[in-house]
Every structure is written in C-alpha cells, then in structure tokens.
Amino acid sequence: MAEQTHVLFVEDDDVIREATQLALERVGFAVTAMPDGLSGLEAFRARRPDIALLDVMVPGLDGVSLCRRIRDESTVPVIMLSARADSIDVVLGLEAGADDYVTKPFDGAVLVARIRAVLRRFGHAGGVRADADSAAVDGGVLSFGDLEIDTEGMEVRRAGQPVALTPTEMRLLLEFSSAPGTVLSRDKLLERVWDYGWGGDTRVVDVHVQRLRTKIGQDRIETVRGFGYKLKA
C-alpha cells in the first residue's frame, strides 16, 4: 500500500479547518491541522509534511512569517490561503517563499487539484527538458556566462558558488534555459511550470522571476514588456 501524502494545514477558523481536513482526508491525504502559526511550526518540525497549506491570517505567528520559517529549513512546497485575491498578503506570501496560493472561499475540488498539481511538479523537478543545442553543454551542464546549470544533478552555480533554489525556482530556470533568448509569456510559464490548465494569476510568475533574479543575477532574465520574460543567452 502506497504511503499517504502528508499535508500540514494551518487555519484558525474551526469550521474551515475541520471541513477542509475532512475533504482532504476523503481523497486520501493524511492531514495534520493546526489552529495557529506556532503550533503549525512545531508540527512541521515534528512531522516533516510533504506539503504545507498556510492561511495568511493566523494568530501567534502569521502565515507569511511561518512560510519564511519553513523556507529557512526546507524546500517543501507551500500553498498560501488568502481571503482577498487583491491583497498585498498574496505577494508577501509568494515573496516569503510560497509556491502558489488559493483564494478563500475555495471549492474543495479546486484545492485538491492545486495540491496535486504542486505535488506533481515537485515530484518531477527534473522533467523539464534542456535543449543541448541552445547553450554550452558539458556533461549535462548548461553554461550562461558565469551561471552553470547541472540538469542531471539539479544544481546551480554562479561564479563557481552554489545557488540554493526551491524546486519551483529550479523548474522556472530550467524552462528558461531550455529556450534561451526566446520570450516566454506569463501564461505559458503558468502552464509549464505551475501546471495550470486554466488561466491563473500572473503575479505568481512575476514574484518567482524576481526571486530567481536575486539569486542568479538581476540582468540574467530580461523583461520584454507586453510579452513576458527571456533568459539572456
């Protein structure tokens, strides 16, 4: 029997927490549900879940701060839950290291689909193709100036120094490196990196591109206004 995927769910609303836990357990997830950020952090350290669902507004330690704590210790996927789609909390959560977000109130089936999409791409981080004809290649290593991407070992170095990327950041970089110099639209990146088969919020892409730039160099990924982004060859 396959081991259950373990979800850490941090939500202070008792009704939402209990209903969502039941919905997730009904489709086969094992769920640890906590009512506040501090207990959520303790549960994360004790249980090491496969994915974390964090409500932005929880007491003790808010969801954004909890996400930062988790990201300091782990690359486990994180989905933020926010009651307002236009809230600055969404961007703050993504900047803190979250991989995606879902707006409340949410349909249980939609939440399950988003969880499964995140888990699929985390389970296949090396599945993005690398075009060997598009960059200097040596044993599976792509080179762009001082940036080196080991597509087999899933490691990145800048000027010889290792660069720590989350799995989502790595997938984004691999997508860019598969077609250097080619403009990739935000919608295309949402489809390829986030596995969205439908329109999504492009802020997810913008924030992740900015996070990636801070790690590999601000000038390495170019913004093409009105179209998207491209990796400088």
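One structure accompanies this document, and this report is about it.

Conventions we followed
- Residues numbered from 1 in each chain as written.
- Predicted model: local features only at pLDDT ≥ 70, side-chain atom pairs only at ≥ 80, totals over all residues.
- Heavy atoms only, no water.
- Helix = DSSP H or I, 4+ residues; strand = E, 2+ residues; numbered from the N terminus.
- Contact = heavy atoms within 4.5 Å.
- Areas by Shrake-Rupley, 256 points an atom, 1.4 Å probe, with all protein chains shown as cover.
- Buried < 20%, exposed > 50% of the residue type's maximum accessible area, 1.4 Å probe, protein only.
- Pairing = 2+ DSSP bridges.
- Right-handed = clockwise from strand over helix to strand, strands pointing away.
- Axes fitted to C-alpha atoms, helices over the stretch in contact; angles between N-to-C directions.
- Parallel < 35°, antiparallel > 145°, perpendicular 65-115°, else oblique.
- Left-handed = near helix turned anticlockwise from the far one by under 90°.
- Nonpolar A, V, L, I, M, F, W, Y, C, P; charged D, E, K, R; others polar.
- Arc of directions from axis to C-beta.

For the protein, the helix and strand inventory stands at 8 helices and 12 strands. Of the contacts made within the protein by residues no fewer than 6 positions apart, 59% connect residues no fewer than 24 positions apart. With an accessible surface of roughly 10800 Å², the protein has 49% of that area assigned to carbon and sulfur atoms.

Moving on: the pairing of strand 4 (residues 78–82). Of all 5 residues in strand 4, 5 are buried; the element is thus mostly enclosed. Where burial is concerned, the two faces of strand 4 agree: the one with Val78, Met80 and Ser82 and the one with Ile79 and Leu81 are both buried. Inspection of the sheet shows strand 3 (residues 51–55) paired to strand 4 by 4 bridges, in the parallel sense. Of the residues in strand 4, the one forming a bridge with Leu53 is Ile79. Each parallel crossover has a hand, and the one from strand 3 via helix 3 (residues 63–73) to strand 4 is right-handed. Both strand 4 and strand 5 (residues 100–103) contribute to a ladder of 4 bridges, which runs parallel. The residue of strand 5 that forms the bridge with Leu81 is Val102.

Right, let's get into the environment of His208. When you line up the elements, His208 lands in helix 8 (residues 203–216). Taking the C-alpha atoms as reference points, His208 and Gly97, 111 residues apart in sequence, are found 8.6 Å from one another. Discounting chain neighbours no more than four positions away, the residues touching His208 are Leu94, Ala98, Asp99, Thr168, Glu169, Leu172 and Trp194.

A few words on the packing of helix 4 (residues 88–95) against helix 8. At their nearest, the axes of helix 4 and helix 8 sit 9 Å apart, and the two run at 40 degrees to each other. With respect to their mutual orientation, helix 4 and helix 8 come out oblique. Read as a crossing pair, helix 4 and helix 8 show a hand that is right-handed. Along the contact surface, helix 4 presents Val90, Val91, Leu94 and Glu95, while helix 8 presents Arg203, Val204, Val207, His208 and Arg211. In the contact of helix 4 with helix 8, the residues fall into 5 nonpolar, 1 polar and 3 charged.

Taking strand neighbours across the sheet as the criterion, the 5 strands line up as 2-1-3-4-5 in an open arrangement whose pairing is parallel. The strands lining the two open edges of the sheet, one partner per strand, are strand 2 (30–34) and strand 5. Neighbour to neighbour, the strand axes of the sheet diverge by 20 degrees on average, direction disregarded. Its contacts with the sheet place helix 5 (residues 108–123) against strand 3, strand 4 and strand 5, and it is angled at close to 175 degrees to strand 5.

Now for helix 7 (residues 186–193). Turning to helix 7, its buried residues are Leu189, Leu190 and Val193. The arc that holds the buried residues of helix 7, viewed along the axis, is 105 degrees, so those residues lie on one side. Considering only its buried residues, helix 7 is in contact with helix 5, helix 6 (167–177), helix 8 and strand 12 (228–231).

Moving on, we get to unusual backbone geometry. The omega angle of the peptide bond from Lys104 to Pro105 is -5 degrees, so this bond is cis rather than trans. Tracing the backbone shows Pro105 in the loop between strand 5 and helix 5. Phi at Arg48 takes a positive value of approximately 50 degrees, unusual for a residue other than glycine. By the secondary structure assignment, Arg48 is in the loop between helix 2 (37–47) and strand 3. Positive phi, normally seen in glycine, also occurs at Ala159, with a value near 50 degrees. Relative to the helices and strands, Ala159 resides in the loop between strand 9 (155–158) and strand 10 (161–163). Among the residues examined, Ala159 registers a relative accessible area of 55% and is labelled exposed.

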